[in-house]
Amino acid sequence: MTMETQATGERGERVAEMWLIEHGWQILQRRFRSGHRDIDLIATRDELAGRVVAFVEVKARKSASFGGPVAAVGWKKQRELCRSAQVWIARFGRPGDCYRFDVVGVLITGNRIRVNQVENAFLVPSRA
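An account of the accompanying structure is given in this report. What you see is a predicted model; the values in this text were computed from it and never measured.

### Brief notes about the sheet that holds strand β4 (residues 98-109)
For step 1, the next point in the chain: The five strands are arranged β1-β2-β3-β4-β5 in an open sheet whose pairing can be described as mixed. Either end of the sheet is taken by a strand with one partner, and the two such strands are β1 (26-34) and β5 (112-118). Direction aside, the axes of adjacent strands within the sheet are offset by 30 degrees on average.
For step 2, the next point in the chain: As paired strands, β1 and strand β2 (residues 37-47) are joined by seven bridges and run antiparallel to one another. Bridged to Arg33 within β2 is Asp38.

Below you can see the structure in the form of structure tokens.
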């Protein structure tokens, strides 16, 4: 990964974090690590059904030519996110919490930034 790509990713994570906060989410953790795997953001929000915890994968791009953010999260990444989420839930989960996986796409073109949050972006694979 080039330094430029890494900088774009870090900027995307900061943008996604601010966007989530502006939309009523509280950030519980940034870059939760479990072995060599990580979850970019873990966010929570109280809803009618109770506390929702979202495991958020952030995909930042400088161009939309490579497809949307959800397409960039393949089955291997989904499996890794699920495994890391299971570790987080075992350590910090509370009875009654609802869990989901979201993908936040951040498109940075010049001075223009577009954010798209895909809620429940994928289901937990059967062999996580």
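### Re unusual backbone geometry
For step 1, the next point in the chain: Positive phi outside glycine occurs at Arg31, with the angle close to 50 degrees.
For step 2, the next point in the chain: Inspection of the secondary structure puts Arg31 in strand β1.
For step 3, the next point in the chain: For Arg31, a relative accessible area of 39% gives the class partly exposed.
For step 4, the next point in the chain: Even without being a glycine, Asn120 presents a positive backbone phi close to 50 degrees.
For step 5, the next point in the chain: With relative accessibility at 49%, the residue Asn120 sits in the partly exposed group.

### Here's the deal with helix α2 (residues 75-92)
Residues spaced three or four apart along an α-helix point in a common direction, a consequence of the helix completing one turn every 3.6 residues.
For step 1, the next point in the chain: For α2, spanning 18 residues, the distance from its first C-alpha to its last is 25 Å, which sits close to the expected 26 Å at 1.5 Å a residue.
For step 2, the next point in the chain: Regarding α2, the residues found buried are Gln78, Leu81, Cys82, Ser84, Ala85 and Trp88.
For step 3, the next point in the chain: Looking at the buried side of α2, the elements it contacts are β1, β2, β3 (50-61) and β4.

### Brief notes about the nonpolar core
For step 1, the next point in the chain: Grouped together as the largest cluster of nonpolar side chains are 15 residues, with contacts concentrated most on Ala16, Leu20, Trp25, Leu41, Val56, Val58 and Val106.
For step 2, the next point in the chain: Those elements that provide at least two residues to this core are α1 (3-22), β2, β3 and β4.
For step 3, the next point in the chain: The biggest single contributor to this core is β3, with five residues.
For step 4, the next point in the chain: For Trp25, the residues in contact, after removing those within four places along its chain, are Leu20, Ala43, Thr44, Arg45, Val52, Ala54, Arg100 and Gln117.
For step 5, the next point in the chain: Judged by nonpolar contacts, the second largest core, of 14 residues, contains Val53, Cys82, Val103 and Ala121.

### Structural notes on the packing of aromatic side chains
For step 1, the next point in the chain: Following the criterion strictly, the structure yields five aromatic pairs and no others.
For step 2, the next point in the chain: Seen from their ring centres, Phe55 and Trp88 are 5.7 Å apart, and the 80 degrees between their planes marks the pair as edge-to-face. Separated by 33 residues along the polypeptide, Phe55 in strand β3 and Trp88 in helix α2 bring together distant segments of the chain.
For step 3, the next point in the chain: Judged by centre distance (5.6 Å) and plane angle (35 degrees), the ring pair of Phe55 and Phe101 falls under tilted.

Rules used in this analysis
- Residues numbered from 1 in each chain as written.
- Predicted model: local features only at pLDDT ≥ 70, side-chain atom pairs only at ≥ 80, totals over all residues.
- Heavy atoms only, no water.
- Pairing = 2+ DSSP bridges.
- Helix = DSSP H or I, 4+ residues; strand = E, 2+ residues; numbered from the N terminus.
- Axes fitted to C-alpha atoms, helices over the stretch in contact; angles between N-to-C directions.
- Buried < 20%, exposed > 50% of the residue type's maximum accessible area, 1.4 Å probe, protein only.
- Expected span 1.5 Å × (residues − 1).
- Contact = heavy atoms within 4.5 Å.
- Core = buried A, V, L, I, M, F, W, Y, C linked by side-chain atoms within 4.5 Å.
- Phe/Tyr/Trp six-rings, centres within 6.5 Å; stacked < 30°, edge-to-face > 60°.

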